[in-house]
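Spelled out, the chains give:
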Amino acid sequence: MLFPDYRPRRLRQNEAFRRMIRETRLTVDDMILPLFVIGGKGVKNPIPSMPGHYQLSTDNLVKTAQEAYRLGLPAIILFGLPEKKDPLGTQAYAKNGIIQKAVREIKDKLPDLMVITDVCLCEYTDHGHCGIVEGNTVDNDATLDLLARTALSHAQAGADMVAPSDMMDGRVTEIRNLLDENNLSHVPIMSYAVKYCSAYYGPFREAADSAPKFGDRRTYQMDPANALEAIREAAMDVEEGADILMVKPALPYLDIICRVREEFDLPIAAYNVSGEFAMIKAAEKMGWIDGKRVMMETLTGIKRAGADIILTYFAMEAAEILNG
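Everything numeric here is computed off the predicted structure, so don't read it as measured data. (Residues numbered from 1 in each chain as written. Predicted model: local features only at pLDDT ≥ 70, side-chain atom pairs only at ≥ 80, totals over all residues. Heavy atoms only, no water.)

**Describing the environment of F36**
Here is the rule: Strands are runs of DSSP state E lasting at least two residues, helices are runs of H or I lasting at least four, and both sets are numbered from the N terminus onward. What makes two residues a contact is simply this: any of their non-hydrogen atoms within 4.5 Å.
By the element assignment, F36 lies in strand β1 (residues 31-38). Note: C-alpha distance between F36 and L88 (52 residues apart in sequence) is 21 Å. If sequence neighbours within four positions are ignored, F36 has contacts with I47, M50, Y54, Q55, L56, F79, L81, F204, A207, A208 and Y313.

Written as structure tokens, this is what we have:
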């Protein structure tokens, strides 16, 4: 297929042709909106590094969820900011914890909106790590029970899906077993199967007040240089009972999304993380880029790489465009 016999511009000459042969189509159904919930009433704390996003009290969270539902988004994922923290993150699995109360409130008002909960301890521990700390080390096996209890408490509150993000070895098995033992075998697990230790999480840690108080997370989150390890991590979660596999972050790891997609036949999610969002918003504010076009190109690229589902802070803004 060489010029002049083949002229690819023939099928680019108008929008109708371009639409007819478009290979990747982004839809509202592809996206999940992350939201941050905090205690109190009437609270709407702006997150400076994430324009348009807020720490929301439950009443305002419900309003935002209603708007997401009106736009046709199928799901939200919740992150909680507790009133108090302790070494064991007890508010993560408290019956009346911030997430548990928020789930009940949203499901009461919006039963058809899928509510997913992030399962981790970092927002709830006073040291900011994702598990129990012994000395200066996160104790993997001691953490598993607390993660499973957290997932169970979310599901019992009415969560439609749980999403462990902690990167402890073996947590999917522990969660799956405890859910099944409590007649919750219908609740799926979206595993953060391939989660890199990334500098792109900065704005999120401000939003969720979850930065570690000492050290970093390199002993449990993945080395950004590794690709084969991603396949091993994903394979382990498949064997343990994950229903959806997530890659996080998305943009610097499009190759990983593609490789995981080619290797496994489960649905693949990708998290378009806070740093990716913040960079686009900052460049847009400076007038350096067309923010809306870059947003849509970014989301399309993530889907083209192989993601079936995209967790993104752009969800409502993109939905407005997609809905016309």
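**What to know about the state of the cysteines**
Test applied: When two cysteine sulfur atoms lie within 2.5 Å, the pair is treated as a disulfide. Residue burial is assigned from relative accessible area. The probe radius is 1.4 Å, only protein chains are included, and a residue is buried under 20% of its type maximum, exposed over 50%, and partly exposed in between.
In the structure shown here, the tally under the stated rule is zero disulfides. Unpaired in this structure, C122 has its nearest cysteine sulfur neighbour in C120, at a distance of 3.9 Å. On the basis of relative accessible area, C122 is assigned to the buried category, the value being 6%. C197 takes part in no disulfide bond, and the closest cysteine sulfur, belonging to C130, lies 9.8 Å away. The buried category is assigned to C197, whose relative accessible area is 19%.

**With respect to the pattern of salt bridges**
Here the idea is simple: oppositely charged side chains can pair when their charged atoms come close. Test applied: The term salt bridge refers to a pairing of a side-chain nitrogen on Lys or Arg with a carboxyl oxygen on Asp or Glu at a separation within 4 Å.
Tallied over the entire structure, the rule returns 17 salt bridges. Measuring nitrogen to oxygen at the nearest pair gives 2.6 Å for the salt bridge that ties E67 to R70. One end of the pair, E67, and the other, R70, are both in helix α2 (residues 58-70), three residues apart, so they sit about a helical turn from each other. For K107, the salt bridge is made with D160, and the minimal N-O distance between the two is 2.8 Å. Residue K107 is found in helix α3 (residues 98-109), and its partner D160 is found in the loop between α4 (140-157) and β8 (161-164); the two are separated by 53 residues along the sequence. You can call K107 buried: its relative accessible area is 16%. Among the charged side chains, a network of salt bridges with common partners joins K281, E284, K292 and E317.

**Here's the deal with α3**
Let me state the cut-off plainly: Multiplying 1.5 Å by the helix residue count minus one yields the expected span of that helix.
For α3, spanning twelve residues, the distance from its first C-alpha to its last is 17 Å, which sits close to the expected 16 Å at 1.5 Å a residue. Buried residues belonging to α3 abut β1, α2, β4 (75-81), β5 (114-119) and α4.

**Some details on a nonpolar patch on the surface**
Our working rule: Every patch collects residues that have over 30% relative accessible area and no salt bridge, joining them within 9 Å if they carry like charges and within 5 Å if they are nonpolar side chains (Val, Leu, Ile, Met, Phe, Trp, Tyr). To be clear on the numbers: accessible area is Shrake-Rupley with a 1.4 Å probe, and residue cover counts the displayed protein chains and nothing else.
A contiguous nonpolar surface patch, about 320 Å² in accessible area, is contributed by L11, M20 and I21. One can find L11 in the segment before α1 (15-20). A relative accessible area of 42% places L11 in the partly exposed class.

**Some words on the side chain of D118**
Just so we agree on the cut-off: For the purposes of these results, a polar contact is taken to be a pair of N or O atoms within 3.5 Å, where, inside protein, one atom must be able to donate a hydrogen and its partner to accept one; residues adjacent in sequence count only when each atom of the pair is a side-chain atom.
Within the secondary structure layout, D118 lies in strand β5. Within the structure, the side chain of D118 is placed 3.0 Å from the side chain of Y192, a separation counted as a polar contact. Excluding its chain neighbours within four sequence positions, the residues that come into contact with D118 are I77, L78, F79, E123, H154, A163, S165 and Y192.

**Some points on the nonpolar core**
Spelled out, the test is: The criterion is simple. A nonpolar core is a set of buried Ala, Val, Leu, Ile, Met, Phe, Trp, Tyr and Cys residues joined through side-chain atoms within 4.5 Å.
Core analysis: the largest hydrophobic core is formed by 113 residues, its most contacted members being F36, I76, L78, I106, M190 and V194. With sequence-adjacent residues up to four places away left out, V194 is seen in contact with M222, A230, A234, M246, V247, K248, I256 and V260.

**A short note on helix α11 (residues 315-322)**
As a reminder, the rule being used: In this context, the arc is that of the directions from the helix axis out to the C-beta atoms.
Among all positions of α11, only A315, A318 and A319 are buried. Along the long axis of α11, the arc covered by the buried residues comes to 105°, so they all point the same way. Those residues of α11 that are buried are in contact with β1, α10 (291-305) and β12 (309-312). Residue G324 follows α11 closely and has a positive phi angle near 75°.

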